[in-house]
Amino acid sequence: MIPSIDVTALAAAYADKSPQDVLKLAFDLFGDDLWISFSGAEDVVLLDMAWKLNKNVKVFTLDTGRLHSETYRFIEQVREHYGIAIEIMTPDPALLQPLVNEKGLFSFYRDGHGECCGIRKIEPLRRKLATVRAWATGQRRDQSPGTRSQVSVLELDTAFSTPENALYKFNPLAQMTSEEVWGYIRMLEIPYNSLHERGFISIGCEPCTRAVLPNQHEREGRWWWEEATHKECGLHAGNLIAKS
């Protein structure tokens, strides 16, 4: 039985703690019921920290069907490096097929990315999170100042909780900067997506991701045809700024 959790008090108490301290709290509260969401550079840092605390850490990733080939190879590299299983969530064909048949493969350039992300990302994520009590993400406050600047290290995930399941969300890397993330990767020589060597910083689906120029913010490489305030796919719809 998981004890009653005072999210506000714990978030305040751990606001200035290290990512490892936040992860230790997560494991103390949820043990093997904690799942790590994995996709990018931040997530492999999070995974490395979590794996060092719990070799049985549970990990999942979303395969939208539109990822770069480099990303698929990266997933396999991480699986082999840590000797762990990575559960791969894929879109529901019953939802995806009608979208592709009706609007083609690039409707997001005309209609915005919301519909496509809803089918390829949000539905598989919702399906996964309906089965867990807690998850941890690699969200950082400096990733997207317009939507993530107030990310807490711990929150009740109001976007994906259900009446039957209160879902808790940990963001242990909230205070880390991109420089610190890459310092960790280089220092410990852990795997990373080879696209980063070609100017890609924030990496999503291939049609919706591009390299950025020097001094451009990393989020400028995602959904560049849309306004900056719209650059969330819905995976982290509970962010404080996004709610306002």
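Up top is the structure.
What counts and how
- Residues numbered from 1 in each chain as written.
- Predicted model: local features only at pLDDT ≥ 70, side-chain atom pairs only at ≥ 80, totals over all residues.
- Heavy atoms only, no water.
- Helix = DSSP H or I, 4+ residues; strand = E, 2+ residues; numbered from the N terminus.
- Buried < 20%, exposed > 50% of the residue type's maximum accessible area, 1.4 Å probe, protein only.
- Contact = heavy atoms within 4.5 Å.
- Areas by Shrake-Rupley, 256 points an atom, 1.4 Å probe, with all protein chains shown as cover.
- Polar contact = N/O pair within 3.5 Å; in protein donor to acceptor, adjacent residues only side chain to side chain.
- Phe/Tyr/Trp six-rings, centres within 6.5 Å; stacked < 30°, edge-to-face > 60°.
- Pairing = 2+ DSSP bridges.
- Axes fitted to C-alpha atoms, helices over the stretch in contact; angles between N-to-C directions.

Things to note about the overall build of the chain
Reasoning step 1: A count of helices and strands for the chain gives 9 helices and 6 strands.
Reasoning step 2: Classification of the 244 residues of the chain by burial places 51% in the buried group.
Reasoning step 3: For the chain, the share of sequence-separated contacts (at least 6 apart) that also reach a separation of at least 24 residues comes to 70%.
Reasoning step 4: Element-wise, carbon and sulfur atoms account for 53% of the exposed surface of the chain, whose accessible area totals about 11600 Å².

A look at the environment of aspartate 92
Reasoning step 1: Along the chain, the position of aspartate 92 falls in the loop between strand S3 (86-89) and helix H5 (93-103).
Reasoning step 2: Residue classification places aspartate 92 among the partly exposed residues on the basis of a relative accessible area of 27%.
Reasoning step 3: Residues aspartate 92 and proline 124 lie 32 residues apart in sequence; the distance between their C-alpha atoms is 7.3 Å.
Reasoning step 4: If near-sequence neighbours (up to four positions away) are discounted, aspartate 92 is found in contact with Glu123 and Arg127.
Reasoning step 5: In this structure the side chain of aspartate 92 is engaged in a polar contact, spanning 2.9 Å, whose partner is the backbone nitrogen of alanine 94.

Description of the packing of aromatic side chains
Reasoning step 1: Inspection of every chain in the model, using the stated rule, returns 10 aromatic pairs.
Reasoning step 2: Ring centres of phenylalanine 38 and phenylalanine 74 lie 5.3 Å apart, and the angle between their planes is 45 degrees; this geometry places the pair in the tilted category. Of this pair, phenylalanine 38 sits in the loop between strand S1 (34-37) and helix H3 (41-53) while phenylalanine 74 sits in helix H4 (residues 69-82), and the two are 36 residues apart along the sequence. Of the two residues, phenylalanine 38 and phenylalanine 74, both sit in the buried class.

Comments concerning the sheet that holds strand S2 (residues 58-62)
Reasoning step 1: One open sheet accounts for 6 strands, arranged S3-S2-S1-S4-S6-S5; its pairing is mixed. For this open sheet the edge positions go to S3 and strand S5 (154-156), each flanked by a neighbour on one side alone. Along the sheet, successive strands turn relative to each other by an average axial angle of 30 degrees, direction set aside.
Reasoning step 2: Each of S1, S2, S3 and strand S4 (134-136) is contacted by helix H7 (residues 114-129), which is oriented at about 160 degrees to S2, the strand it contacts most.

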